[in-house]
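The residues making up each chain are set out below.
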Amino acid sequence: MFKGLVGIITGGASGLGRATAELLIKQGGRVIVCDLPTSPGSDTAKQLGENAAFVPVDVTSEQDVKNALQTTMDKFGRLDVAVNCAGIASACRIYNFKKNQPFDLKLFQKTIEVNLVGTFNVIRLVAGMIGKNAPDADGQRGVIINTASIAAFDGQIGQAAYSASKAGVVGMTLPIARDLAKQGIRVVTIAPGLFRTPMMQQLPEPAIKELEASVPFPSRLGNPHEYALLVQSIIQNTMLNGEVIRLDGSLRMQP
Ligand SMILES: NC(=O)C1=CN([C@@H]2O[C@H](COP(=O)(O)OP(=O)(O)OC[C@H]3O[C@@H](n4cnc5c(N)ncnc54)[C@H](O)[C@@H]3O)[C@@H](O)[C@H]2O)C=CC1
Ligand SMILES: C[C@]12CC(=O)[C@H]3[C@@H](CCC4=CC(=O)CC[C@@]43C)[C@@H]1CC[C@@H]2C(=O)C=O
């Protein structure tokens, strides 16, 4: 299905990113796994086989992302798809009245820096390389897929930073799709609900059970493979562009 296709996946060492790398390779694609140097990205790429390579990347660094693009060019000679999965979760109330403490400004800045600025940094750099492809019969040169969260729309108590970072990803999806339309590069954002990944598994199992019960149908956490299946559909469906797609079993999170 994806023979000859080359993708870059940030946050590719874990969770949603890793499941996406597995599916793209299973469908005949080749993948550059980008993740922090401290991540298990190197082992992940080895397990994925010869059609994968790991590049240590902090998505907030211009130089790291440029290195990843250079490796992509050296190893696979082109880039068709970028999937932005790198992200961090954070939780803090705007003001803790018991401790008389305002929201930690550094935590707010870090969450925005990784989730929003990091995603933007990758998009602006990959666009140049994807734009060098010859257009297909439909005029398409490639696809950029971002990961927001349903917290962009129904942010819960403690999620001001996380929700703001993801709302930023939602907000820039349409203008960037418009910016890149003439080059035939599509931009689509997925807003996942609750998925069983290491990020989610920071929570104790009873809390996870409670969250699962709050999902109307299916009342369970999403499987990362189900996220990867949506990435596959987005790549295949050229009409999808400038859109944010919720993938959440119709969950609307409570305060
Ligand atoms: N798991 C879930 O239920 C949901 C996840 N999301 C979003 O999906 C994305 C993927 O999350 P998961 O797979 O669940 O988490 P995860 O924690 O399993 O994977 C995230 C990956 O991003 C990497 N990363 C973090 N900071 C980075 C940086 N500065 N540069 C490069 N890589 C970095 C981590 O090392 C990790 O491998 C995140 O953006 C998250 O906010 C959104 C909604 C729900
Ligand atoms: C990010 C998300 C919602 C959260 O805020 C939690 C996070 C898992 C780890 C956490 C542990 C905590 O003790 C506080 C909450 C949180 C930061 C969740 C993973 C996916 C959730 C999300 O994006 C939903 O859309």
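Residues numbered from 1 in each chain as written. Chains lettered and ligands numbered in written order. Predicted model: local features only at pLDDT ≥ 70, side-chain atom pairs only at ≥ 80, totals over all residues. Heavy atoms only, no water.

With an unreviewed UniProt entry as reference, the protein chain is termed 3-hydroxyacyl-CoA dehydrogenase type-2, source organism Parnassius apollo.

**Overview of the nonpolar core**
Within the largest apolar cluster, 37 residues are counted, with the highest numbers of intra-cluster contacts made by Ile32, Val57, Leu69, Leu79, Val126, Ile144 and Leu180. Taken together, the elements giving at least two residues each to this core come down to strand E1 (6–10), strand E2 (30–35), strand E3 (52–56), helix H3 (62–76), helix H4 (105–130), helix H5 (160–180) and strand E8 (185–192). Per element, the largest residue contribution to this core is 9 residues, and it comes from H4. Setting aside its immediate chain neighbours within four residues, Leu69 contacts Ile8, Leu79, Leu125, Val126 and Met129. (Core = buried A, V, L, I, M, F, W, Y, C linked by side-chain atoms within 4.5 Å. Buried < 20%, exposed > 50% of the residue type's maximum accessible area, 1.4 Å probe, protein only. Helix = DSSP H or I, 4+ residues; strand = E, 2+ residues; numbered from the N terminus. Contact = heavy atoms within 4.5 Å.)

**Regarding the environment of Glu210**
Looking at the element boundaries, Glu210 is found in helix H6 (residues 205–213). Residue class for Glu210 comes out exposed when judged on its relative accessible area of 63%. Placed 45 residues apart in sequence, Glu210 and Ser165 show a C-alpha to C-alpha distance of 25 Å.

**Regarding the pairing of E3**
In this structure, E2 lies alongside E3, joined through 5 bridges in parallel fashion. What sits directly across from Cys34, in E3, is Val55. (Pairing = 2+ DSSP bridges.)

**A word on the site of ligand 1**
In the vicinity of ligand 1 there are 27 residues, among which Ser14, Asp35, Tyr162, Phe195 and Thr197 approach most closely. Leu16 is positioned such that a nitrogen or oxygen atom in its backbone is 2.8 Å from an oxygen atom of ligand 1. Within the contact set of ligand 1, an oxygen atom lies 3.4 Å away from a backbone nitrogen or oxygen of Gly193. A total of 820 Å² of accessible area belongs to ligand 1 in isolation, and the protein chains cover 92% of it. Put simply, the parts of the chain that give the shell around ligand 1 at least two residues each are helix H1 (15–26) and H5. A breakdown of the residues in the shell around ligand 1 according to their chemical character gives 16 nonpolar, 8 polar and 3 charged. (Near = heavy atom within 4 Å. Polar contact = N/O pair within 3.5 Å; in protein donor to acceptor, adjacent residues only side chain to side chain. Areas by Shrake-Rupley, 256 points an atom, 1.4 Å probe, with all protein chains shown as cover. Nonpolar A, V, L, I, M, F, W, Y, C, P; charged D, E, K, R; others polar.)

**Details of the UniProt feature "domain: Ketoreductase" (unreviewed entry) in the protein chain**
Residues given the UniProt feature "domain: Ketoreductase" (unreviewed entry) here are residues 4–198. The span residues 4–198 carries 42% helix and 19% strand; its end-to-end C-alpha distance comes to 31 Å. (UniProt positions renumbered as here; feature names shortened; annotations may be inferred.)

**Topic: the state of the cysteines**
What the rule picks out here adds up to 0 disulfides. The thiol of Cys34 is unpaired, and the distance to the nearest cysteine sulfur, on Cys85, comes to 11 Å. (Disulfide = S-S within 2.5 Å.)

**Description of the side chain of Asp154**
Its place among the elements puts Asp154 in the loop between strand E7 (142–147) and H5. A polar contact of 3.2 Å, which involves the side chain of Asp154, links it to the side chain of Arg246. Discounting residues that sit within four places of it in the chain, Asp154 has contacts with Gln159, Arg246, Leu251, Arg252 and Met253.

**Describing the pattern of salt bridges**
Here the structure, examined in full by the defined rule, presents 12 salt bridges. Here Glu22 ties to Arg18 by a salt bridge, and the two come within 3.0 Å at their closest N and O atoms. Within this pair, Glu22 and its partner Arg18 are both found in helix H1, separated by 4 residues, close to a single helical turn. Among the residues examined, Glu22 registers a relative accessible area of 37% and is labelled partly exposed. (Salt bridge = Lys/Arg side-chain N within 4 Å of Asp/Glu carboxyl O.)

**With respect to the environment of Phe120**
By the element assignment, Phe120 lies in helix H4. Owing to a relative accessible area of 42%, Phe120 belongs among the partly exposed residues under this scheme. Along the primary structure Phe120 and Val231 are separated by 111 residues, whereas in three dimensions their C-alpha atoms are 19 Å apart. Leaving out residues up to four positions away in the same chain, Phe120 has contacts with Met172 and Ile176.

**Brief notes about the site of ligand 2**
Taken together, 16 residues form the shell around ligand 2, and within it Ser149, Ile150, Gln159, Tyr162 and Leu203 come nearest. For ligand 2, an oxygen atom lies 2.7 Å from a polar atom in the side chain of Ser149. At 3.5 Å, a backbone N or O of Gly193 approaches an oxygen atom of ligand 2. Expressed as a share of its isolated accessible area of 490 Å², the protein-covered part of ligand 2 is 79%. Each residue belonging to the shell around ligand 2 can be placed in one class, and the counts come to 11 nonpolar, 5 polar and no charged.

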